[in-house]
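Examining the three-dimensional arrangement
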Amino acid sequence: MRLILRALIIISALAILTAQAATDAEIVIAIRYLQAEGFSHSHLYLYREDGKLLRQLTNDNSGQDSGPIFAPDGSMVVFTREKPNDVREFWSVDPLGKTSKKLDAATDWYVGAKSSPYFTNIEPEESTSATLAPSSAATPVPTYKSPDDSVELVLRLDPNDEDDQINGPGHGKHYLLRDLKTGEETGFDKLPGFYGVSGLLDDSQAKDRHFLFDGPLRVAFFDLHLNSTDGDTVFALDLSSPRLVSLSPNWAAPIPLPGEGAFLTFTENRYVPIPGSKKTANCSYMERWDEKLNKIRYAREKSAAVCYGASMYRPGLTPPTITMRRSSN
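Not measured: the values here are computed from a predicted model.

1. Looking at the pattern of salt bridges
- Counted according to the given criterion, the structure contains 20 salt bridges.
- Between E152 and R178 there is a salt bridge whose closest N-O contact spans 2.9 Å. Here E152, found in strand β10 (residues 151-154), pairs with R178, found in strand β11 (residues 176-179); they are 26 residues apart in sequence, far enough to count as distant.
- Between K295 and E287 there is a salt bridge, with the nearest N and O atoms lying 3.4 Å from each other.
- A relative accessible area of 43% means that K295 is categorised as partly exposed.
- If you follow the salt bridges from partner to partner, you end up with E49, E260, R288 and R314 in one network.

Below, the structure is given as structure tokens:
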């Protein structure tokens with residue numbers, strides 16, 4: 001009994017430490033708020049992971065601040081200041097925003113940092129091997145089994161259904177969600193939130209990874225082409241309470257947060273009204289989604305903004321930094 005009690009105490013302590021680490025996490029984002037008059041500039045803003053704005057870190061208007069990346073120990077943020085005539089400067093600033101310093105050159109870890117893995121629909125390069133003659137055998141239906149062997153996705157198409165012949169609204173209605181324990185099958189068109197799905201997204205650095213399972217978070221992601229105006233969009237398939245959730249009216253790239261039941265998205269929104277004018281702009285934001293697919297946006301409410309990169313520092317978690325590199329160009 002004592003051993004069981006001790007084990008429960010240890011598990012509870014680890015859970016508390018993990019939750020505390022997530023609470024202590026901070027994300028720095030280069031945001032350019034578009035305005036009706038004059039020329040806007042990108043500055044760095046520091047948010048707590050729960051969405052609370054902590055402070056603005058830079059306010060220089062001589063260029064566009066972009067590509068902020070936390071140092072591996074979280075002690076500073078290095079970023080690029082892009083100025084006219086293709087001038088690029090490298091700067092550092094501490095998370096309290098008290099010390100800003102121009103660097104002679106970018107640090108090695110800044111130069112070597114890459115964007116963290118994210119889910120994408122980018123197809124691999126075409127094979128250079130010889131083309132095989134068409135087979136008389138039926139093309140196998142793609143199936144994808146979840147990491148815990150609880151469910152399977154069956155991407156079945158109906159050749160007699162016009163919607164299944166074109167990547168667009170209504171496509172994928174014959175896909176199946178199969179419960180591997182009970183054998184029960186549910187058509188995607190019976191799932192709440194169904195509008196259409198096409199390709200199953202995969203990890204940018206691991207093409208055989210199609211699910212994001214972390215703690216209570218159990219999701220997969222699908223793309224869908226909307227139209228020539230709105231482009232493509234992304235849906236999250238929530239496997240905990242089967243439903244499809246739109247991540248954006250346009251594109252959204254899901255970025256895993258290992259060790260957390262959550263993920264980020266680099267979210268694109270087209271034709272966002274610029275406050276104080278009749279103009280619109282194509283905008284981008286960083287957002288965070290929890291295990292229940294509730295989201296918070298790291299930006300001012302009702303703003304027209306462009307994100308020029310972001311980096312999250314997560315003490316106590318692996319990896320400690322999550323990065324999305326993006327230039328202002």
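The rest of the description comes next.
2. Some details on the side chain of S40
- By the secondary structure assignment, S40 is in the loop between β1 (26-33) and β2 (42-48).
- Taking the relative accessible area as the measure of exposure, S40 reaches 6% and is therefore buried.
- One polar contact links S40 to R32, side chain to side chain, over a distance of 2.9 Å.
- Beyond its immediate chain neighbours, meaning those up to four positions away, S40 contacts R32, Y33, L34, Q35 and Q64.

3. Quick notes on the sheet that holds β10
- Spatially, β9-β10-β11-β12 is the arrangement adopted by the 4 strands of the open sheet, whose pairing is antiparallel. With partners counted over all chains shown, the strands left at the sheet margins are β9 (143-145) and β12 (185-187), one partner each. Strand-to-strand twist in this sheet, taken as the mean axis angle between neighbours without regard to direction, amounts to 20°.
- Sheet topology places β11 next to β12; 3 bridges connect them, and they run antiparallel. Each bridged residue has a counterpart across the sheet, and for L176 the counterpart in β12 is G187.

4. A short note on the packing of aromatic side chains
- Tallied over the full model, the rule gives 12 aromatic pairs.
- Members of the aromatic cluster, connected to one another through ring pairs, are F119, F221, F263 and W289.
- Above the face of the F39 ring, R32 is positioned so that its terminal group lies 4.8 Å from the ring centre.
- Above the face of the W91 ring, R81 is positioned so that its terminal group lies 4.5 Å from the ring centre.

5. Concerning the nonpolar core
- By size, the foremost hydrophobic cluster in this structure holds 57 residues, and its most contacted members are I29, F221, L264 and M286.
- Those residues within four positions of F221 in sequence are excluded, and the remaining contacts are F119, G199, L200, L201, H210, L212, V234, F235, A236, L247, P254 and F263.
- By size, the runner-up hydrophobic cluster in this structure holds 18 residues, among which are L155, V197, L200 and F211.

6. Overview of the environment of L153
- Tracing the sequence through the fold places L153 in strand β10.
- Residue classification places L153 among the buried residues on the basis of a relative accessible area of 0%.
- Considered as a pair, L153 and Y175 are 22 residues apart in the sequence and their alpha carbons are 7.4 Å apart.
- Setting aside anything within four residues of it in sequence, one finds L153 in contact with P142, T143, Y144, L176, L177, F188, L200, F211, A220, F222 and L237.

7. Some thoughts on the sheet that holds strand β19 (residues 262-273)
- With antiparallel pairing, the 4 strands of this open sheet are ordered in space as β18-β19-β20-β21. Here the strands that pair on one side only, and so sit at the sheet edges, are β18 (252-256) and β21 (295-297). Mean inter-strand twist for the sheet, computed between neighbouring axes without regard to direction, equals 30°.
- In the sheet, β18 pairs with β19 via 5 bridges, with the strands oriented antiparallel. Residue A252 lies in a different strand from β19, and its bridge partner there is T267.

8. What about the pairing of strand β20 (residues 280-290)?
- In terms of residue burial, β20 counts as a mostly covered element, since 9 of its 11 residues are buried.
- Here β19 runs beside β20; their pairing, made up of 10 bridges, is antiparallel. What sits directly across from F266, in β20, is M286.
- Adjacent in sequence and paired antiparallel, β19 and β20 are bridged by 6 residues, among which G276 carries a positive phi angle near 85°.
- Summarising the sheet, β20 and β21 pair through 3 bridges and their orientation is antiparallel.

What counts and what doesn't
Residues numbered from 1 in each chain as written. Predicted model: local features only at pLDDT ≥ 70, side-chain atom pairs only at ≥ 80, totals over all residues. Heavy atoms only, no water. Salt bridge = Lys/Arg side-chain N within 4 Å of Asp/Glu carboxyl O. Helix = DSSP H or I, 4+ residues; strand = E, 2+ residues; numbered from the N terminus. Buried < 20%, exposed > 50% of the residue type's maximum accessible area, 1.4 Å probe, protein only. Polar contact = N/O pair within 3.5 Å; in protein donor to acceptor, adjacent residues only side chain to side chain. Contact = heavy atoms within 4.5 Å. Pairing = 2+ DSSP bridges. Axes fitted to C-alpha atoms, helices over the stretch in contact; angles between N-to-C directions. Phe/Tyr/Trp six-rings, centres within 6.5 Å; stacked < 30°, edge-to-face > 60°. Lys NZ or Arg CZ within 6 Å of the ring centre and 35° of its normal. Core = buried A, V, L, I, M, F, W, Y, C linked by side-chain atoms within 4.5 Å.

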